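# Structural features, examined
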Amino acid sequence: MNGLLNGKTVVVMGVANERSLAWGIAKSLHGAGAKLIFTYRKERSLAKLTGLLQDSAIEPLMCVSCDVNDDASIEAAFEEIKQQTGVIHGLVHSVAFAEKDELKGEYVDTSREGFLLAQDTSAYSLVAVAREAKKLMTEGGSIVTQSYIGATRVVRNYNVMGVAKASLEASVRYLAEDLGKYGIRVNAVSAGPIRTLAAKGVSGFNDIMTTIEERAPLRRNIDQDEVGDATLFLLSSLSRGVTGDVLHVDAGYHILGL
Ligand SMILES: NC(=O)c1ccc[n+]([C@@H]2O[C@H](COP(=O)([O-])OP(=O)(O)OC[C@H]3O[C@@H](n4cnc5c(N)ncnc54)[C@H](O)[C@@H]3O)[C@@H](O)[C@H]2O)c1
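Just so we're clear, the structure is a prediction, and the values are computed from it rather than from any experiment. Residue indices follow the written sequence of each chain, beginning from 1 at its first position. In keeping with the predicted nature of the model, local features appear solely for residues at pLDDT of at least 70, side-chain atom pairs appear and are counted solely at 80 or more, and the whole-chain, interface and lining totals rest on all residues. Only heavy atoms go into the side-chain values, all of them from the structure, while hydrogens and water stay out.

### A look at the packing of helix H4 (residues 112–136) against helix H5 (residues 159–180)
Between H4 and H5, the least distance of the axes is 9 Å, while the angle of their chain directions is 20°. Classified by the interaxial angle, the pair formed by H4 and H5 is roughly parallel. Crossing handedness for the pair H4 and H5: right-handed. From H4, Gly114, Phe115, Ala118, Gln119, Ser122, Ala123, Leu126, Val127, Ala130 and Lys134 reach across to H5, where they touch Val160, Met161, Val163, Ala164, Ser167, Leu168, Ser171, Val172, Leu175 and Leu179. Partitioning the contact of H4 with H5 into residue classes produces 14 nonpolar, five polar and one charged. The axes are straight lines fitted to the C-alpha atoms, using for helices just the contacting stretch, and the angles between their N-to-C directions are given from 0 to 180°. Only DSSP runs of H or I reaching four residues or more are called helices, and only runs of E reaching two or more are called strands; each is numbered from the N terminus. Just so you know how the angles are binned, under 35 degrees is roughly parallel, over 145 roughly antiparallel, 65 to 115 roughly perpendicular, and the rest oblique. Crossing handedness follows the turn of the near helix against the far one: under a right angle anticlockwise gives a left-handed crossing, and clockwise gives a right-handed one. Should any heavy atoms of two residues lie within 4.5 Å, those residues are considered in contact. Amino acid classes used here: Ala, Val, Leu, Ile, Met, Phe, Trp, Tyr, Cys and Pro are nonpolar; Asp, Glu, Lys and Arg are charged; the rest, including Gly, are polar.

Encoded structure:
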């Protein structure tokens, strides 16, 4: 993988800690020679991110604050990135949120507020950041987001987040059509379950992991490094003919019927 992203600058959104999918992705991209820019949500995440970076070989171009619920924050972040680099070639969107109370029980009980917050943070945010990233992708580019099988199948307790992921995957297709004419591709990775901070919010998450281990064609769960390498593929020229797609990195679980 060495050199696949030499000379490319990629913005990585969503590293909360060493378990984050975005951290696995950052390691893969770094290994392929990319220059990385990280965005973080709160000062507390910056402290965590700084610690992680110090313990790794990754020297970022910059770390920028960006709250995806806030248009002004997104615009300011990409303006700062523009000042620093002028051009970017890739964007990793690895961000989602729903209230814990919405990730258990029945979907029919979803509150209006909970629905809108999940959609805003987990789906609309891709549209908002793609709009800003497009301005800096003057040499073409690739945008990759992170989805989950709950977008297309019913996964107990995933509820409002499944509907947000459905919206995210539809946005991938609409954005791919809009941005294709600028040489910008938009795709999603749909990862199997991985124990992260965000996953902790989903009730019964351990049962989901056990089911994958027992039933997925590969009879195991996947890890952050596998998500990282698949995301690297979608960011690199190896996938230059692919856009608007969802690549499943789930040990094959999504192909199963009964
Ligand atoms: N863990 C899994 O099993 C799994 C499986 C498939 C897809 N995903 C998706 O992967 C992505 C990353 O999640 P993760 O599992 O690595 O968990 P994580 O908690 O490590 O990452 C979630 C990130 O979202 C960020 N975030 C939340 N609200 C934000 C906001 N308003 N502004 C900016 N950032 C915000 C958090 O700061 C955090 O860095 C999510 O989209 C998640 O749905 C996770």
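Once the structure has been displayed, the description carries forward.
### Observations regarding the layout of surface pockets
By volume, the largest pocket amounts to about 1,300 Å³. The rule is simple: put a 1 Å grid over the protein atoms alone, call a set of points where a 1.4 Å probe fits but cannot get out a cavity, call an open set with protein on both sides within 12 Å along at least five of seven lines a pocket, and count a residue as lining if it has an atom within 4 Å of a point. Lining the largest pocket are 46 residues, and of these Ala16, Ser94, Ala96, Leu197 and Ala198 sit closest to its centre. Those elements that provide at least two residues to the lining of the largest pocket are helix H1 (21–31), strand E2 (35–40), helix H2 (43–54), H4, strand E5 (141–147), H5, helix H6 (197–200) and helix H7 (205–215). Broken down by class, the residue content of the lining of the largest pocket amounts to 26 nonpolar, 13 polar and seven charged. Grid points are joined across faces, edges and corners, and a volume is the space filled by probe spheres set on the points. Space inside the second largest pocket adds up to approximately 450 Å³. As for the second largest pocket, its lining consists of 22 residues, and the residues nearest its centre are Val154, Val155, Ile208, Thr211 and Tyr253. The set of elements that each furnish at least two residues to the lining of the second largest pocket consists of strand E6 (184–191) and H7.

### Examining the packing of aromatic side chains
When we look at a pair of aromatic rings, we describe it by the centre distance and by the angle of the planes. Here the aromatic set is Phe, Tyr and Trp, taking the six-membered ring for Trp, and pairing holds for ring centres within 6.5 Å; pairs whose planes are under 30 degrees apart are stacked, those over 60 apart are edge-to-face, and all others are tilted. Tallied over the full model, the rule gives two aromatic pairs. On the numbers, 6.4 Å between centres and 35° between planes, the contact of Trp23 with Phe38 is tilted. Placement of Trp23 in helix H1 and of Phe38 in strand E2 is noted, with a sequence separation of 15 residues between them. Residue Trp23 shares its accessibility class with Phe38, and that shared class is buried. The cut-offs for exposure are 20% and 50% of the maximum accessible area for each residue type, with area from a 1.4 Å probe on protein chains only; residues under the lower value are buried, those over the upper are exposed, and the others partly exposed.

### Things to note about the site of the ligand
It suffices for a single heavy atom of a residue to lie within 4 Å of a molecule or strand for the residue to be listed as near it. Around the ligand lies a shell of 27 residues, among which Ser20, Leu21, Lys165, Ile194 and Thr196 are the nearest. Interatomic distance of 2.6 Å between a side-chain N/O atom of Ser20 and an oxygen atom of the ligand. Contact between the ligand and Thr196: an oxygen atom at 2.5 Å from a side-chain N or O atom of the residue. Accessible surface area values rest on a Shrake-Rupley calculation with a 1.4 Å probe, where residue burial reflects the displayed protein chains alone. Protein coverage of the free-state accessible area of the ligand, which is 820 Å², stands at 92%. When atom positions are compared with the pocket grids, the ligand is found to occupy the largest pocket. Listed by contribution, the elements that provide at least two residues to the shell around the ligand are E5 and H6. What qualifies as a polar contact is a pair of N or O atoms within 3.5 Å, subject to a donor-acceptor requirement within protein and to the restriction that residues adjacent in sequence count only when both atoms come from side chains. Each molecule is assigned to a cavity or pocket provided more than half of its atoms lie within 2 Å of the corresponding grid points.

### With respect to the environment of Phe97
Inspection of the secondary structure assignment puts Phe97 in the loop between strand E4 (90–93) and H4. C-alpha of Phe97 to C-alpha of Leu117: the two residues are 20 residues apart in sequence and 7.6 Å apart in space. Contacts of Phe97, omitting those with residues within four sequence positions, involve Leu117, Ala118, Thr121, Ser122 and Met161.

### Observations regarding the pattern of salt bridges
By definition here, a salt bridge exists when the distance from a side-chain nitrogen of Lys or Arg to a carboxyl oxygen of Asp or Glu is within 4 Å. Inspection of every chain in the model, using the stated rule, returns four salt bridges. Close ionic contact of Glu132 with Lys135 constitutes a salt bridge, the shortest N to O distance being 3.1 Å. Taken together, the positions of Glu132 and Lys135, both in helix H4 and three residues apart, correspond to about one turn of that helix. Lys135 gets classed as exposed once you look at its relative accessible area, which sits at 51%.

### Details of the nonpolar core
By nonpolar core we mean a set of buried residues, namely Ala, Val, Leu, Ile, Met, Phe, Trp, Tyr and Cys, connected to one another through side-chain atoms within 4.5 Å. Counting 34 residues, the largest nonpolar core has Val12, Leu29, Leu36 and Phe38 as its most contacted members. Residue assignment for this core shows that the elements contributing at least two residues are strand E1 (9–13), H1, E2, H2, E6 and helix H8 (224–235). Discounting residues that sit within four places of it in the chain, Val12 has contacts with Ala22, Leu29, Leu36, Ile37, Phe38, Thr39 and Val92. In terms of nonpolar packing, the next biggest core, distinct from the first, is built from 32 residues, Val11, Ile74, Ile88 and Leu91 among them.

### Some points on a nonpolar patch on the surface
Patch rule: a residue counts if its relative accessible area is over 30% and it has no salt bridge; like charges are joined within 9 Å, and nonpolar side chains (Val, Leu, Ile, Met, Phe, Trp, Tyr) within 5 Å. A cluster of nonpolar side chains, namely Phe233, Leu238 and Leu247, defines an oily patch on the protein surface of about 250 Å² accessible area. With respect to the helices and strands, the residue Leu247 is situated in strand E7 (residues 246–249).

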